[in-house]
Amino acid sequence: MENLTCDLLILGAGSGGLSVAAGASQMGADVILLEGHKMGGDCLNYGCVPSKALIASAKTAHAMRHAEVYGVADAAPQVDYAAAQAHVADVIAQIEPVDSQERFEGFGVRVIRDYGRFTSDRVVEAGGYRITARRIVIATGSSPLVPPIPGLDAVPYLTNETLWDLRERPDHLLIIGGGPIGMEMAQAHRRLGSQVTVIEGAKALGKDDPELAQIVLDQLRAEGIEIAEEALAQEVRGAAGAIEVEAKDGRVFKGSHLLVAVGRKANLDKLNLDAAGVETTKAGVKVDDSLKTSNRRVYAIGDAAGGLQFTHVAGYHAGIVIRSALFGLPAKTKTAHIPWATYTQPELSQVGLTEAQAREEHGDRLTVVRFEYSHNDRAIAERKTTGLIKVMVVRDRPVGVSIAGHQAGELINLWSLVIANGLKMSAVSNMVSPYPTIGEINKRVAGAYFSPKLFENDTVKKVVRLVQRWLP
Ligand SMILES: Cc1cc2nc3c(=O)[nH]c(=O)nc-3n(C[C@H](O)[C@H](O)[C@H](O)COP(=O)(O)OP(=O)(O)OC[C@H]3O[C@@H](n4cnc5c(N)ncnc54)[C@H](O)[C@@H]3O)c2cc1C
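Parameters at a glance
Residues numbered from 1 in each chain as written. Predicted model: local features only at pLDDT ≥ 70, side-chain atom pairs only at ≥ 80, totals over all residues. Heavy atoms only, no water. Buried < 20%, exposed > 50% of the residue type's maximum accessible area, 1.4 Å probe, protein only. Helix = DSSP H or I, 4+ residues; strand = E, 2+ residues; numbered from the N terminus. Pairing = 2+ DSSP bridges. Axes fitted to C-alpha atoms, helices over the stretch in contact; angles between N-to-C directions. Parallel < 35°, antiparallel > 145°, perpendicular 65-115°, else oblique. Left-handed = near helix turned anticlockwise from the far one by under 90°. Contact = heavy atoms within 4.5 Å. Nonpolar A, V, L, I, M, F, W, Y, C, P; charged D, E, K, R; others polar. Near = heavy atom within 4 Å. Polar contact = N/O pair within 3.5 Å; in protein donor to acceptor, adjacent residues only side chain to side chain. Areas by Shrake-Rupley, 256 points an atom, 1.4 Å probe, with all protein chains shown as cover. Core = buried A, V, L, I, M, F, W, Y, C linked by side-chain atoms within 4.5 Å. Domains from an automatic or database assignment. Right-handed = clockwise from strand over helix to strand, strands pointing away. 1 Å grid on protein atoms, 1.4 Å probe; cavity = no way out; pocket = protein on both sides within 12 Å on 5 of 7 lines; lining within 4 Å. Points joined across faces, edges and corners; volume = space filled by probe spheres on them. Salt bridge = Lys/Arg side-chain N within 4 Å of Asp/Glu carboxyl O. UniProt positions renumbered as here; feature names shortened; annotations may be inferred.

Here we take up the pairing of strand β21 (residues 397-405). With eight of nine residues buried, β21 lies mostly within the body of the structure. Looking at chain direction, strand β18 (residues 347-352) and β21 are connected through six bridges and run antiparallel. Opposite Gln 350, over in β21, you have Ser 402 as the bridge partner. The pairing of strand β20 (residues 388-394) with β21 spans seven bridges and is classified as antiparallel. Bridging from a neighbouring strand, Lys 390 pairs with Ser 402 of β21. Hairpin connection of β20 to β21: two residues between the antiparallel strands, including Arg 395 at a positive phi of 45 degrees.

Moving on to the packing of helix α6 (residues 180-191) against helix α7 (residues 210-222). Taken N-terminus to C-terminus, the directions of α6 and α7 make an angle of 25 degrees; their axes are 10 Å apart at the nearest point. In this view, α6 runs roughly parallel relative to α7, as classed from their interaxial angle. Crossing hand, α6 versus α7: left-handed. For the pair α6 and α7, the contacting residues are Met 183, Gln 187 and Arg 191 in the first and Leu 217, Gln 219 and Leu 220 in the second. Split into classes, the residues belonging to the contact of α6 with α7 amount to three nonpolar, two polar and one charged.

Quick look at the environment of Ala 13 now. Structurally, the position occupied by Ala 13 is in the loop between β1 (2-11) and α1 (15-26). Classification of Ala 13 by relative accessible area gives buried; the value is 0%. Separated by 22 residues in sequence, Ala 13 and Glu 35 place their C-alpha atoms 5.4 Å apart. Contacts of Ala 13, omitting those with residues within four sequence positions, involve Leu 18, Leu 33, Leu 34, Glu 35, Lys 38, Met 39, Gly 40 and Gly 41.

Attention now goes to the site of the ligand. In the vicinity of the ligand there are 36 residues, among which Gly 16, Glu 35, Lys 52, Gly 116 and Asp 303 approach most closely. Within the contact set of the ligand, an oxygen atom lies 2.6 Å away from a side-chain nitrogen or oxygen of Glu 35. Contact distances for the ligand include 3.1 Å between an oxygen atom and a backbone N or O atom of Asp 42. Surface burial for the ligand is 93%, taken as the share of its 1,000 Å² of free accessible area covered by protein chains. Breaking the shell around the ligand down by element, the ones donating at least two residues are α1, α2 (41-45), α3 (48-65) and α9 (311-327). Here the shell around the ligand is composed, by residue class, of 12 nonpolar, 17 polar and seven charged.

For the rest of this paragraph, the subject is the nonpolar core. With 39 residues, the main nonpolar core has Leu 54, Ile 175, Met 183, Met 185, Val 198 and Ile 227 as its most contacted residues. Those elements that provide at least two residues to this core are α3, α4 (81-95), β8 (172-176), α6, β9 (195-199) and α7. Ranked by the residues each element gives to this core, the list is headed by α7, at six residues. Taken together, domain 2 (152-262) and domain 3 (339-455) each give at least three residues to this core, which thus spans both.

Bringing the pairing of strand β2 (residues 31-34) into the picture now. It is a general feature of regular strands that their side chains alternate between the two faces of the sheet. Side chains Val 31 and Leu 33 project from β2 onto one buried face, and the interleaved Ile 32 and Leu 34 project onto a second face that is buried too. Looking at chain direction, β1 and β2 are connected through four bridges and run parallel. Counted as the bridge partner of Leu 9 is Ile 32 from β2. Crossover handedness for the path β1 to α1 to β2: right-handed. Both β2 and strand β3 (residues 110-112) contribute to a ladder of three bridges, which runs parallel. Opposite Ile 32, over in β3, you have Arg 110 as the bridge partner.

Let's shift gears to the layout of surface pockets. Over the atoms a probe the size of a water molecule is rolled, and this reveals where empty space is left. The space that makes up the second largest pocket amounts to roughly 520 Å³. Taken together, 17 residues make up the lining of the second largest pocket; nearest its centre are His 62, Gln 219, Gln 345, Arg 383 and Lys 384. The greatest single-element share of the lining of the second largest pocket, amounting to three residues, is contributed by α3. Grouping the amino acids of the lining of the second largest pocket by side-chain chemistry returns four nonpolar, eight polar and five charged. Two domains each donate at least three residues to the lining of the second largest pocket, and these are domain 2 (152-262) and domain 3 (339-455).

It is worth spelling out the domain arrangement of the protein at this point. Here the protein is partitioned into domain 1 (2-39 + 100-144 + 265-327), domain 2 (152-262) and domain 3 (339-455). Just the C-alpha atoms count here: the centres of domain 1 and domain 3 sit 36 Å apart.

Moving on, we come to the pattern of salt bridges. Here the structure, examined in full by the defined rule, presents 19 salt bridges. Between Arg 264 and Asp 42 there is a salt bridge, and its shortest N-O distance comes to 2.4 Å. Residue Arg 264 is located in strand β15 (residues 264-266), and its partner Asp 42 is located in helix α2; the two are separated by 222 residues in the primary sequence. By relative accessible area, which is 24% here, Asp 42 ends up partly exposed. Between Glu 230 and Lys 203 there is a salt bridge; the shortest N-O distance is 3.4 Å. Residue Glu 230 is located in the loop between β10 (226-228) and β11 (233-239), and its partner Lys 203 is located in the loop between β9 and α7; the two are separated by 27 residues in the primary sequence. Linked through salt bridges whose partners overlap, the residues forming this network are Asp 209, Glu 211, Glu 355, Arg 359, Arg 370 and Lys 390.

Per the UniProt record, "binding site: NAD(+)" (unreviewed entry) is found at Gly 177, Gly 178, Gly 179, Pro 180, Ile 181, Gly 182, Met 183, Glu 184, Glu 200 and Gly 263. For the annotated residues, spread through 87 residues, the largest C-alpha to C-alpha distance comes to 14.0 Å, consistent with a single compact locus. Of the residues named above, Glu 184 line the largest cavity. You can see Gly 179 is positioned in the loop between β8 and α6. Overall, Gly 179 belongs to the partly exposed group, its relative accessible area being 23%. The residues contacting Gly 179, other than those within four sequence positions of it, are Glu 200 and Leu 205. Tracing the backbone shows Glu 184 in helix α6. On the accessibility criterion, Glu 184 (7% relative accessible area) is buried.

Here is the structure:
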C-alpha cells in the first residue's frame, strides 16, 4: 500500500466535498478527494438536478392542457415518458463536466475513485493508498431511508436513486412519504399522465407552515393526486405491476409502482468512524457549530452532518470549513438565514422562523404581515394568483418568511439576503421593483408592514393637515 500525505483530505465528491475541494485547491492547499461512486453526488445524479428536469417536462405538459384561458386551445400532450427521462439524463450530462474528475484535477486536486475508510484519527485508506492528512472532511452525503415496513423487501420499489432509470410511465404510482421529494415527484408524475397516490404517516409537507402547505396540497389534489394523510404504512404486498400498501388504520392503496421517499440516512457505514474517534448521533456525524467532530482534525459537512439537508447548505458548510481548516479562523454555522424551497407548482419556500415558531419565540413582540398574490398585477396577467407571503417581523426586522405561490423559490432569495445581513423591513420597502414583476410581492408585503403606521395613524394625519395649511 502506497503512502500519501496532504493538507486536506475530503471524503465524498458531492455538493459539499466538491465545494471544499475547489475552494481549498485554488487557494493553494494540497487536496486529495475520494469518491466511491459518481462525481457530483446525489444532487447532480439522483436529487436536485433530475427532479427539477422532470418537473420541467411535467410543467410543459400541464401548460398544454390548460392553455385555453390564454386564448390558445387546450391540447392533450403526447407524453413520451422515456423521452422525458432522456431529457433528464441530458440535463445531468450538461452539468456533469462542472463536477468532473478532469475539472478537479485541473485545479490540482488528486482524485481517487474509491470509498475511504478511517484506520486511525488522521489516516484514511482508499484505492490502495494510505493517506495521512492534516485535516479531513467527511462529506459522504446521505441515502434514501428505507423503513422496515413488513413486506417491503419482497416487492420491487423505487427510490430517488432508481426512479431515473424507469423508461415506462407508471400507470399508478404509489408514493410512501409526503415530504418535498414525495410531493415534487407526485405532481411531476401526475402531470406526465400517471395516477398518483401519496401515503403519508402524519401531515403532508409537515415541515412547512400549515396554512401555506395547504395552498400547495389543494392544488395537488385539484390535479387529481390522492393524498392520504395520517396513513402510516404498515404492510406492503403484491408483485411488480400490482402493489398494495396497507395503512395502520386499515386503508389499502393499490398501484402499479411504489416510490419510497420517507427521508434520508447519513452515509457513515463505510467510514469506520470508531477508528477515528468520530462520534455520531441518530441524524449523522456529531458536529459543533464550527462543523468540527469529536476528533479535532475532522470536520463533517452537508447531509452527513445530519442537519438541514440541502445542496446550498452543503455549499455553505464548505465555506465555513475552508475558513477554519485553511486559515485557522473562527467560523460558526448559523441557520436563521438558510432558505429552502419545494418545487411543486405553486412553489413553497421558507427562510428563518415559521409563524408558529416565531410566535413561540417572540410572543407579543411578533407582527405577521401578509400579502396575497391576487393583488400582484403580473400574477394576474399570468393567471398565477393563488398564493400568499407571510413575513414574521420583530422590532422592524424580519425573523422569518414563508411563501406559497408562483416562483416562491425565487422570491425567497431576497429575504435570505435581508435576514443574513440583519436588514430592516425599510430596506425592502425602499427598494424599487420593476413593474410588473412577481418580485413586487416582496416590496408590497414590506409596504403592508408600514401602511398601518402611515395610513391609520392620527398623528401622521394631523401633521399632513398642518403642513398643508402652511404650504404656499
Ligand atoms: C430527490 C431529491 C431532490 C433534491 N432536491 C433538492 C433541491 O432541489 N435543492 C436542494 O438544495 N437540495 C435538494 N436535495 C438534497 C441534496 O441533493 C443534498 O442535500 C446534497 O446532495 C448533499 O450534498 P452532500 O455533499 O452532503 O452529499 P452528496 O451530494 O450525496 O455527496 C456525497 C458523496 O459522497 C460519496 N461517498 C459516500 N461515502 C463515501 C466514502 N466513504 N468515501 C468516499 N466517498 C463517499 C457518495 O458516493 C456521494 O457521491 C434533493 C435530494 C433528493 C434525494
